[in-house]
Amino acid sequence: MHPITVVGSVALDSIETPFGKVESVIGGSATHFSTSASFFAPINLVGVVGNDFPKEHVKFLKSRNIDTKGLEIADGLTFSWKGYYDYDLNTAHTLETNLNVFETFDPKLPDSYKSAEFIFLANIDPELQLKVLEQTTQPKLVVMDTMNFWIESKKQHLIRTLQEVDIAMMNDAEARELSETHNLLDAARRILGWGPTTVIIKKGEHGVLMFTDKTHFAAPAFPLEDIKDPTGAGDSFAGGFIGYLAKTNDVTEANMRKAVIYASVMASFSVEDFSLNRFKRLTQKEIDGRYAHFEEMTIF
Ligand code: AMP
């Protein structure tokens, strides 16, 4: 078993999509990631919540093979995010970001987390991402995600963190904004130039591209009939990706291509309901079934 150590936001989200509305539900980049990845590998969660964070959410995470020793409960309010989507479900419109307890968070990794070989720096302040990475002792694969909020407020710190990671993962709009170019091939090259050996660019319903300096892989998104809430799709994608690599303990490019398909499978399930609701009733059989469906879809 190869555990994954993740740092990122653990949040209370309020979300409106054309298909419904929820208030103060469990969310956050580390939460979506951990729940998705827990179908493949054990998870060490690093983050902070306030004392307003409902105990049942922590109980849920624990029930999913997610170690919460690294989830600090601080005096104050939990990070919260409020956003909405129009019919273009690829674009999240942020209405409010309240960092709250994340403003003063100084992550200290429990000893049992330090030796994990698989590390995910989920979307959060890039300075916190680096602080966590610096405490790990033998990382074999380090993946990071980010978003416009951090590109706009902490670009230099973000580039500093990028220098230390193996894989940078972000959506197309974020890749363009970070690299200040429209062309995605050019964006990937610029990001590779900062240090990562692989760049994965997610294009929502249009699929995903994976670049190294020598190779280029493209996969479609699973065509879905029933999408309710795209929040957490990116983190669920990362969960399937790193989860599969950790489960197989194989980080070759050939295996990463399979991991991209598991990633797309997990992202496709996550958007079928609000918050973590789809994952709460997801089975291994459904995951395997959709993976097989993907294989059929891409043979020619
Ligand atoms: P995604 O997978 O990209 O849809 O990420 C969704 C999650 O990101 C939501 O559950 C939010 O709580 C979280 N989030 C939103 N803004 C930020 C931010 N600035 N930093 C960290 N997490 C965020």
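Everything numeric in this text was worked out from a predicted model, so none of it was measured. (Residues numbered from 1 in each chain as written. Predicted model: local features only at pLDDT ≥ 70, side-chain atom pairs only at ≥ 80, totals over all residues. Heavy atoms only, no water.)

(A) Spatial organisation of the pattern of salt bridges. Inspection of the entire model under this criterion finds 16 salt bridges. Note that Lys202 and Asp145 form a salt bridge whose closest N and O atoms lie 4.0 Å from each other. Residue Lys202 is found in strand 12 (residues 198–202), and its partner Asp145 is found in strand 10 (residues 141–145); the two are separated by 57 residues along the sequence. Asp145 matches Lys202 in its accessibility class, with the two residues each being buried. With a shortest N-O distance of 3.2 Å, Glu253 and Arg257 are connected by a salt bridge. Here Arg257 and Glu253 lie together in helix 10 (residues 253–270), a separation of 4 residues that amounts to about one turn. With relative accessibility at 24%, the residue Glu253 sits in the partly exposed group. (Salt bridge = Lys/Arg side-chain N within 4 Å of Asp/Glu carboxyl O. Helix = DSSP H or I, 4+ residues; strand = E, 2+ residues; numbered from the N terminus. Buried < 20%, exposed > 50% of the residue type's maximum accessible area, 1.4 Å probe, protein only.)

(B) Broad picture of the packing of aromatic side chains. For the structure on display, the rule yields 10 aromatic pairs. Aromatic side chains Phe102 and Phe105 sit 5.7 Å apart centroid to centroid with 85° between the ring planes, which places their arrangement in the edge-to-face category. Phe105 carries the same exposure label as Phe102, and that label is buried. Consider the rings of Phe149 and Trp150, whose centres lie 4.7 Å apart with planes at 80°: the pair is edge-to-face. Judged by relative accessible area, which is 29%, Phe149 ranks as partly exposed. By relative accessible area, Trp150 is classed as buried at 5%. Taken together, the ring pairs connect Phe40, Tyr244, Tyr262 and Tyr291 into an aromatic cluster. The ring of Phe39 carries the charged tip of Arg64 above its face, separated from the ring centre by 4.6 Å. The ring of Phe269 has Arg290 lying over it, and the distance from NZ or CZ to the ring centre is 3.9 Å. (Phe/Tyr/Trp six-rings, centres within 6.5 Å; stacked < 30°, edge-to-face > 60°. Lys NZ or Arg CZ within 6 Å of the ring centre and 35° of its normal.)

(C) View of helix 10. The end-to-end C-alpha separation of helix 10 is 25 Å, in line with the 26 Å expected for 18 residues at 1.5 Å each. Counting buried positions along helix 10 yields 14 of 18 residues, so the element is predominantly enclosed. (Expected span 1.5 Å × (residues − 1).)

(D) Main features of the sheet that holds strand 3 (residues 20–27). Pairing is mixed in the open sheet, where 4 strands are placed in the order 3-2-7-8. Bordering the open sheet on either side are strand 3 and strand 8 (93–98), each of which pairs with just one other strand. Pairs of neighbouring strands in the sheet enclose a mean axial angle of 10°, with direction left out of account. Sheet analysis places strand 7 (residues 80–84) next to strand 8, joined by 5 bridges and oriented antiparallel. Each residue of the ladder has a partner; that of Ser80, found in strand 8, is Asn98. (Pairing = 2+ DSSP bridges. Axes fitted to C-alpha atoms, helices over the stretch in contact; angles between N-to-C directions.)

Read these as geometric descriptors, not functional statements.
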